[in-house]
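Structural description and commentary
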Amino acid sequence: MAYKLNINGHTTTVDVPADMPLLWVLRDVLSMKGTKFGCGIGQCGACTVHLRGRAVRSCQTMVSVVGDSPITTIEGLSADGTHPVQVAWQDVDVPQCGYCQAGQMMSASALLARTPNPTDQEIDAAMTGNICRCGTYMRIREAIHKAAGHASASARHSHPLHVAANHQKSKEAL
Ligand code: FES
Ligand code: FES
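Read on for a plain summary of the structure. (Residues numbered from 1 in each chain as written. Chains lettered and ligands numbered in written order. Predicted model: local features only at pLDDT ≥ 70, side-chain atom pairs only at ≥ 80, totals over all residues. Heavy atoms only, no water.)

Counting its regular elements, the protein chain contains 6 helices and 5 strands. Ordered by position in the sequence, the α and β elements of the protein chain form the string β-β-α-β-β-β-α-α-α-α-α. With 174 residues in all, the protein chain has 39% of them scored as buried. Long-range pairs, those at least 24 residues apart, make up 55% of the contacts in the protein chain with a sequence separation of at least 6. (Helix = DSSP H or I, 4+ residues; strand = E, 2+ residues; numbered from the N terminus. Buried < 20%, exposed > 50% of the residue type's maximum accessible area, 1.4 Å probe, protein only. Contact = heavy atoms within 4.5 Å.)

For the largest pocket, the calculated volume is near 220 Å³. Every residue lining the largest pocket is counted, 16 residues in all, and those nearest its centre are His83, Ser109, Leu112, Ala113 and Ala151. Elements that contribute at least two residues to the lining of the largest pocket include exactly α2 (84–92), α3 (101–114) and α5 (137–158). Looking at the lining of the largest pocket, you find at least three residues from each of domain 1 (2–77) and domain 2 (84–173). Taken as a whole, the second largest pocket spans an internal volume of roughly 160 Å³. Along the walls of the second largest pocket sit Gly38, Cys44, Gly45, Ala46, Cys97, Tyr99, Cys100, Ile131, Cys132, Arg133 and Cys134, which together make up its complete lining. For the lining of the second largest pocket, a count of residues per class yields 8 nonpolar, 2 polar and 1 charged. Here the lining of the second largest pocket gathers at least three residues from each of two domains, domain 1 (2–77) and domain 2 (84–173). (1 Å grid on protein atoms, 1.4 Å probe; cavity = no way out; pocket = protein on both sides within 12 Å on 5 of 7 lines; lining within 4 Å. Points joined across faces, edges and corners; volume = space filled by probe spheres on them. Domains from an automatic or database assignment. Nonpolar A, V, L, I, M, F, W, Y, C, P; charged D, E, K, R; others polar.)

Following the sequence through the fold, Pro17 ends up in the loop between β2 (10–15) and α1 (22–29). Taking the relative accessible area as the measure of exposure, Pro17 reaches 47% and is therefore partly exposed. Through-space distance from the C-alpha of Pro17 to that of Ser64 is 8.3 Å; in sequence the pair is 47 residues apart. In this structure, Pro17 is in contact with Tyr3 and Val63, ignoring residues within four places of it in sequence.

Further remarks concern the pattern of salt bridges. Opposite charge on two side chains permits them to pair, given that their charged atoms come into close proximity. Counted under the stated rule, the structure contains 2 salt bridges. Between Arg141 and Asp120 there is a salt bridge, with the nearest N and O atoms lying 3.5 Å from each other. Note that Arg141 is positioned in helix α5 and Asp120 in helix α4 (residues 120–127), a separation of 21 residues in sequence. Judged by relative accessible area, which is 28%, Asp120 ranks as partly exposed. One salt-bridge network, in which partners are shared between bridges, spans Asp120, Asp124 and Arg141. (Salt bridge = Lys/Arg side-chain N within 4 Å of Asp/Glu carboxyl O.)

A complete count under the given rule lists 1 aromatic pair for this structure. Seen in terms of ring centroids, Trp24 and Phe37 are 5.9 Å apart; in terms of plane orientation they differ by 90°. Their pairing is edge-to-face. Residue Trp24 is located in helix α1, and its partner Phe37 is located in the loop between α1 and β3 (48–51); the two are separated by 13 residues in the primary sequence. Exposure remark for Trp24: the relative accessible area of 31% places this residue in the partly exposed category. (Phe/Tyr/Trp six-rings, centres within 6.5 Å; stacked < 30°, edge-to-face > 60°.)

Fair warning: the whole summary comes from geometry, so function is off the table for now.
The following block contains the structure:
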């Protein structure tokens, strides 16, 4: 059956069985390999993507229930690797083997979208379903705090009042 999917801002039509998990569609049909297969039973979080902005396990999401809801995968988190989570992950050097990290970043970015400055407890609660066999949990938590800082700094700099203040400072410096 044909399904029209909205993935990373592009409409793509796939002809697949109704009960095919979105993870299979992404990886095997569309060759989008950033989203990882870990357990296939909703227990590890490696396959996390955003559906309508919420983190979901794509191995447990049948293609037939997606409809035209926007899907974001790790490939679509930003056009150029500058999403605050991606920048913070690099700053903190989070990954070890890296296998779980696409899912970790998708869960972290969904958390920050709804809770811009999360506490340790909120981070732990949101990230609890994302398993890392390399044990990078402390670096993940640090990177999420850092990403929250990057996001609020860039929001401050792009705020009209700050742009005006920075413009005034530059004029004074001349
Ligand atoms: S592969 Fe989907 S939760 Fe593990
Ligand atoms: S970095 Fe290896 S599983 Fe998480």
